[in-house]
Amino acid sequence: MSDFSDPKLNPQQRAWFGLEEHESIRVLTSGARTILLERVGDVSGAALPWDREVVLVSDVRAFALADLLRLLHESSKSGFLYFEAGDHVKSVYLDRGEVIFATSNQMVDRLGQCLLRAGIITPDQFREARDAFKPGRRFGAYLVEKGYLSAHKLWEGVRIQVEEIVRSLFSYGTGKMMFWEGDVRPDNSARISLATEPLVAEGLKRRDELIKFLAKLEDPRTRLEAMRQPKLTGTERAIFDEVDGRQDFRTICRKAGIDPLSGARTMQLLRQLGAVNIARDEAPPSADAETLVRGDEDAVRDCARLHVKVMAELAAPIVALEGGDGIRERLQTVLNHAARRFPAILAGVQVAHAGLLDPEDICDRALQFPGDREHEVRLAVGELIAYLKFEIANHPRIDDPDDMLEGLEDLG
């Protein structure tokens, strides 16, 4: 491994890597056919270890973070776990499988916000401290100096912050993660021992609660109102500026450039600050809103039915060659595994004879999902479609699998 940053890239190479003028690259690890590079420059998040080997690289869509943390815990691994999804960067430090610290570049994960959500400081104390705080000092030490909390309460607050950062990881359905093995310590003196397994269980529970809150925000009867204009920055300001009582929450998140689940966490904080009010209209939505909702539901149903139809088309030649029981059992195994990542769409679903799914069941499940419903269907049912394509491509009694696969309906 090398920590070499190459300043000799020509303009074409820099453009190909998407590097800014002040950025360069560093080789993290290399093999006979692969090279893993790090972008070096003014990037947020904890520094990546330069004296340790990266031993694991994965995509959250294929290997859920909850599964990875359990694996590291059960294997008593020490090291540094790095997660990246868009501009969200989070890190977890582990010692013999237990969490000892975590960091995040997200405003909603900062110490002050976590102390406020936990009720350790009041909204007035939070606003006063944030307005008076000067960069270059530790925010927690400033709160102790002001007398807002004791050193012991600060310790409890840091512990809560670390727990919240780790729990928030399980709300991501996409992203990349890397793990460096070895004795990797955080840059500050904080070291908090947290049991990993309860953190995972609580994180999954919090994820489900956040999904329910997101469903409330996305309900057409929900009205979001801006109440006051506190001093806000970053994501909080971007979300607040879009709240006007008329836009739906998805539109707010899209304009603010944030994913819905992270937007929901930010909305919880804004409500606690008294910056926004979440009201619910008892009257039915307007005709225009009903049309939009109905159109969205139709698109979701079309997407679900199309994917289930493609599954049936893929399973049909296998059933014709060997009967329906074998493919049903194999698909059920694949589905059960995929349900761990897509519980809203697949948990408890049973594959029928000949590898068929009930399309209306998938439709109904998709319509209850409080995020990008079509995207979730594509990912969830797409796991089963990918497996069936694999079976066809490798089936010893199918002579022309490529021709068969090319004739499938385009999923878009």
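Parameters and conventions
Residues numbered from 1 in each chain as written. Predicted model: local features only at pLDDT ≥ 70, side-chain atom pairs only at ≥ 80, totals over all residues. Heavy atoms only, no water. Helix = DSSP H or I, 4+ residues; strand = E, 2+ residues; numbered from the N terminus. Buried < 20%, exposed > 50% of the residue type's maximum accessible area, 1.4 Å probe, protein only. Contact = heavy atoms within 4.5 Å. Areas by Shrake-Rupley, 256 points an atom, 1.4 Å probe, with all protein chains shown as cover. pLDDT = per-residue confidence, 0-100. Salt bridge = Lys/Arg side-chain N within 4 Å of Asp/Glu carboxyl O. Pairing = 2+ DSSP bridges. Axes fitted to C-alpha atoms, helices over the stretch in contact; angles between N-to-C directions. Parallel < 35°, antiparallel > 145°, perpendicular 65-115°, else oblique. Left-handed = near helix turned anticlockwise from the far one by under 90°. Nonpolar A, V, L, I, M, F, W, Y, C, P; charged D, E, K, R; others polar. Patch = residues over 30% accessible without salt bridge, like charges linked within 9 Å, V, L, I, M, F, W, Y side chains within 5 Å. Lys, Arg positive; Asp, Glu negative; His and termini not counted. Charge placed at Lys NZ, Arg CZ, Asp CG, Glu CD. Disulfide = S-S within 2.5 Å. Polar contact = N/O pair within 3.5 Å; in protein donor to acceptor, adjacent residues only side chain to side chain. Expected span 1.5 Å × (residues − 1). Phe/Tyr/Trp six-rings, centres within 6.5 Å; stacked < 30°, edge-to-face > 60°. Core = buried A, V, L, I, M, F, W, Y, C linked by side-chain atoms within 4.5 Å.

Asks: Is there a simple way to think about the overall build of the protein chain in this case?
Replies: Along the protein chain, the regular secondary structure elements total 16 helices and 9 strands. Looking at the protein chain residue by residue over its 412 residues, the buried ones come to 44%. Taking the contacts inside the protein chain whose residues are at least 6 apart along the sequence as the reference set, 66% of them involve residues at least 24 apart. Per element, the accessible surface of the protein chain, about 21100 Å² overall, is 50% carbon and sulfur.

Asks: How do you make sense of the confidence of the model for the protein chain when you look at a structure like this?
Replies: When pLDDT is low, close inspection of the predicted coordinates is not appropriate. For the protein chain, per-residue confidence averages 83 on the pLDDT scale, and residues scoring 70 or more make up 91% of the total. Counting interchain partners and residues more than four positions distant, the pLDDT-below-50 stretch residues 289-293 has 3 contacts.

Asks: Explain the pattern of salt bridges here, please?
Replies: Opposite charge on two side chains permits them to pair, given that their charged atoms come into close proximity. Summed over all chains, the structure comprises 33 salt bridges. One salt bridge connects Arg341 with Glu383, and the closest N-O pair in it is separated by 2.6 Å. One end of the pair, Arg341, is in the loop between helix H12 (325-338) and helix H13 (343-346); the other, Glu383, is in helix H15 (residues 373-394), and 42 residues separate them in sequence. Relative accessible area serves as the criterion here: at 14%, Arg341 is assigned to the buried category. Overall, Glu383 belongs to the partly exposed group, its relative accessible area being 24%. Arg378 is paired through a salt bridge with Glu374; the nearest N and O atoms lie 3.4 Å apart.

Asks: Just to check I follow, could you spell out the pairing of strand E7 (residues 176-181) for this structure?
Replies: Looking along a regular strand, one sees side chains alternate from face to face of the sheet. Sheet topology note: the strand E3 (residues 54-59)/E7 ladder contains 5 bridges and is antiparallel. Residue Ser58 lies in a different strand from E7, and its bridge partner there is Met177. Direction of pairing for strand E4 (residues 79-85) relative to E7: antiparallel, over a ladder of 6 bridges. In the strand pairing of E7, Tyr82 is matched with Met178.

Asks: Can you walk me through unusual backbone geometry in this structure?
Replies: Backbone phi values are negative for most residues with the exception of glycine, while trans is the configuration of most peptide bonds. Positive phi values are uncommon outside glycine, yet Arg96 reaches one of about 50 degrees. Taking the relative accessible area as the measure of exposure, Arg96 reaches 60% and is therefore exposed. The phi dihedral of Ala354 falls on the positive side, at around 75 degrees, and the residue is not glycine. Within the secondary structure layout, Ala354 lies in the loop between H13 and helix H14 (359-368). Judged by relative accessible area, which is 16%, Ala354 ranks as buried.

Asks: I'm lost on the packing of helix H6 (residues 151-168) against helix H7 (residues 196-218) in this one. Help?
Replies: The relative placement of two packed helices comes down to the angle between their axes together with the axis-to-axis distance. Contact geometry for H6 and H7: axes closest at 8 Å, N-to-C directions at 65 degrees. In terms of axis orientation, H6 runs roughly perpendicular to H7. Considering only the axes of H6 and H7, their crossing is right-handed. The residues of H7 that touch H6, namely those facing Glu163, Val166 and Arg167, are Leu199, Glu202, Gly203 and Arg206. Taken together, the residues of the contact of H6 with H7 break down into 2 nonpolar, 1 polar and 4 charged.

Asks: Just to check I follow, could you spell out a negative patch on the surface for this structure?
Replies: Taken together, the side chains of Asp399, Asp400, Asp402, Asp403 and Glu406 present a region of like negative charge at the surface. Turning to its location among the elements, Asp400 is positioned in the loop between H15 and helix H16 (401-406).

Asks: How should I be thinking about the state of the cysteines in this particular structure?
Replies: In protein structure, a disulfide is the covalent linkage between the sulfur atoms of two cysteines. All chains considered together, the criterion is met by 0 disulfides. Here Cys114 is not cross-linked by a disulfide; its sulfur's nearest cysteine counterpart is in Cys253, at 19 Å. A disulfide-free cysteine, Cys303 has its sulfur positioned 9.0 Å from the sulfur of Cys363, the nearest such atom. Accessibility expressed as a relative area gives 7% for Cys303, which makes it buried.

Asks: What am I meant to see in helix H9 (residues 249-256) here?
Replies: An α-helical turn contains 3.6 residues, so a residue and the one three or four places further along point in the same direction. Taken as a whole, H9 has its buried residues at Phe249, Thr251, Ile252 and Cys253. Packing partners of the buried residues in H9 comprise H7, strand E8 (222-226), helix H8 (234-242) and helix H10 (260-272). The residue sitting at the N-terminus of H9 and contributing the capping side-chain oxygen is Asp248; that oxygen lies 3.1 Å from the backbone nitrogen of Arg250. Following H9 by one or two positions, Gly257 adopts a phi angle in the positive range, close to 70 degrees.

Asks: Just checking my understanding: could you explain H10 for this structure?
Replies: The terminal C-alpha atoms of H10, which comprises 13 residues, lie 18 Å apart, in line with the 18 Å expected from a rise of 1.5 Å per residue. Phi for Gly274, located one or two positions after H10, is positive at around 80 degrees.

Asks: Before we go on, may I ask you to explain the packing of aromatic side chains in this structure?
Replies: The way to describe two aromatic rings as a pair is by their centre distance and the angle between their planes. With the rule as written, the count across this model stands at 5 aromatic pairs. Summarising the aromatic geometry, the rings of Trp16 and Phe17 are spaced 5.1 Å apart at their centres and angled 80 degrees between planes, so their arrangement reads as edge-to-face. Residue classification places Phe17 among the partly exposed positions, given a relative accessible area of 29%. Put simply, the rings of Phe80, Tyr93, Phe101 and Trp180 touch in pairs and so form one group of aromatic residues.

Asks: Sorry if this is basic, but what is going on with the nonpolar core here?
Replies: In globular proteins that are soluble, nonpolar side chains generally tend to be buried together. Core analysis: the largest hydrophobic core is formed by 74 residues, its most contacted members being Leu81 and Met267. With 6 residues, the single largest contributor to this core is H7. When neighbours within four sequence positions are excluded, Leu81 is seen to be in contact with Leu65, Leu68, Leu69, Lys90, Ser91, Val92, Leu94, Met177, Met178 and Phe179. The next biggest cluster of nonpolar side chains, apart from the first, holds 35 residues, and it includes Leu331, Val351, Ala366 and Tyr387.

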